[in-house]
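Notes for the structure review
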Amino acid sequence: MTSTSTSTSTSTTDTKAFRTSLGVEIVTGREAPARLPGQSRPHPAHRLTAESVGEYLFVGLRGRGGPPDPEPARLRLAPGDVCFYDTGSTPTLDFPVRFTATVFLVPGDLLGLSDLDVRRIARRPVARASRLGNQLSPLLSDLARTAAQARPAVGEMLAWNAVNLLSTLAIEQLEAEAPGAGSAQPPVLKRILEYVELHLPDPDLSPEVIARAHHISVRYLHKLFKDEGATVGRWILRRRLEECRRDLVRYGSGHRTIAAVARCWGFLSAPHFSRVFRAAYGMSPREWRETAGRGGPGSGRD
């Protein structure tokens, strides 16, 4: 992938902007901007008020396309708070003359948020005093500053790390408002699982390949799966075995050999496939095919 990341600065406001090839932009500056970055005039009914001079973090979500929020929202922010907003309906600012602003502009679909989700999180800033805010606010600030000064390839990776953190932050905020929705997965994990499904037949599928394809670290990838109660390798193995198990019955003994079915789903070694299949299901692939073919227990089912 060719990066079109750029970094610019001006001497009057010491503003730096970093843009990635996939539409993520990071803007940092030491003086109050006339308005937050967006595609329209500020929404007069949506006002943000700062409590004091300091650094404030904003996340502008682009391309939502929904109507402006009809209900006025007046929010007070403290330094370090993270505030989401819709770039199509940017809030007005009531801030001191000088403060540090860090703004992440992110295409809305990268976070997997609906218009309703955007409205909800835009009305509930993440306070720096909260546990999650205390952990992520300084990290996001560091990522923004480092990305603005790094080489384009490094900056691109840092920007994607920031997107993954913001995705987690958004999901946590939405779950806090809807306690019954605790099973929601971070959007980045949903994309990763879809990627795994598409690439199960590839014998080279590995944590390193998956992490590189999604611009995240292998460590962060393992953390995502750990939160789901699994490891990356076990998840891939389980899904491959499930598909092999189906195909062994679907194609029958006369249409495709066991070795061919195994190769179709990324297993290069037939003996290895037989060992892991027996460990998972308590019988060999041949025994499974014969049992299921006779209409025995589990016939035609997972």
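None of these values were measured; they are calculated from a predicted model.

A count of helical and extended segments in the protein gives eleven helices and nine strands. Out of the 302 residues in the protein, the part that is buried amounts to 44%.

Now for helix α3 (residues 131–149). Between its first and last C-alpha atoms α3 spans 29 Å; for 19 residues at 1.5 Å apiece the expected length is 27 Å, and the two agree. Of the positions making up α3, those classed as buried are Gly133, Leu136, Ser137, Leu140, Ser141, Leu143, Ala144, Ala147 and Ala148.

The final tally for this structure, using the stated rule, is eleven salt bridges. As a salt-bridge pair, arginine 62 and glutamate 25 come within 2.9 Å of each other at their nearest N and O atoms. Taken together, the residues span a long stretch of sequence, with arginine 62 in strand β5 (residues 55–62) and glutamate 25 in strand β3 (residues 25–29) at a distance of 37 residues. For aspartate 142, the salt bridge identified is with arginine 145, shortest N-O distance 2.7 Å. With aspartate 142 and arginine 145 both in helix α3, this residue pair falls three residues apart, about one helical turn. For aspartate 142, a relative accessible area of 39% puts it in the partly exposed group. Taken together, the shared-partner salt bridges in this structure form one network comprising Glu197, Arg238, Arg239, Glu242, Glu243 and Arg246.

Moving on: helix α10 (residues 270–281). Counted at 1.5 Å a residue, the expected span for α10 with its twelve residues is 16 Å, and the 16 Å between its end C-alpha atoms agrees. By the burial criterion, the buried members of α10 are Phe273, Val276 and Phe277. For α10, the buried positions fall inside an angular range of 105° around the axis, keeping them on one side. Exposed and oriented more than 90 degrees from the buried face of α10 are Arg275 and Ala279. Regarding α10, its N-cap is serine 269, as a side-chain oxygen of that residue lies 3.2 Å from the backbone nitrogen of histidine 272 further along.

This part is about the sheet that holds strand β8 (residues 91–94). Strand-to-strand pairing in sheets goes through backbone hydrogen bonds, with the strands running parallel or antiparallel. Spatial strand order, β6-β4-β8: three strands in an open sheet with parallel pairing. Every interior strand has two partners, whereas the edge strands, β6 (73–77) and β8, have only one. For this sheet, the mean angle separating the axes of adjacent strands, direction not counted, is 25°. Two elements, strand β4 (residues 43–50) and β6, share five bridges in a ladder whose sense is parallel. Looking at the pairing, arginine 47 lines up with arginine 74 of β6.

Overall, the predicted model of the protein reaches an average pLDDT of 79, with 81% of residues at or above 70. Here residues 1–12 scores under 50 on pLDDT; set against residues more than four positions off or in separate chains, the count is 30 contacts. Contacts of residues 179–183 to residues separated by more than four positions or lying in other chains number two contacts, the stretch itself having pLDDT below 50.

A few words now on the packing of helix α5 (residues 187–199) against helix α7 (residues 218–227). Relative orientation of the contacting elements α5 and α7 amounts to 95°, with a least axis distance of 11 Å. Our classification of the angle between α5 and α7 gives roughly perpendicular. Taking contact as the criterion, the partners of Val188, Leu189, Ile192 and Leu193 in α5 are, on α7, Tyr220, Leu221, Leu224 and Phe225.

What counts and what doesn't
- Residues numbered from 1 in each chain as written.
- Predicted model: local features only at pLDDT ≥ 70, side-chain atom pairs only at ≥ 80, totals over all residues.
- Heavy atoms only, no water.
- Helix = DSSP H or I, 4+ residues; strand = E, 2+ residues; numbered from the N terminus.
- Buried < 20%, exposed > 50% of the residue type's maximum accessible area, 1.4 Å probe, protein only.
- Expected span 1.5 Å × (residues − 1).
- Salt bridge = Lys/Arg side-chain N within 4 Å of Asp/Glu carboxyl O.
- Arc of directions from axis to C-beta.
- Polar contact = N/O pair within 3.5 Å; in protein donor to acceptor, adjacent residues only side chain to side chain.
- Pairing = 2+ DSSP bridges.
- Axes fitted to C-alpha atoms, helices over the stretch in contact; angles between N-to-C directions.
- pLDDT = per-residue confidence, 0-100.
- Contact = heavy atoms within 4.5 Å.
- Parallel < 35°, antiparallel > 145°, perpendicular 65-115°, else oblique.

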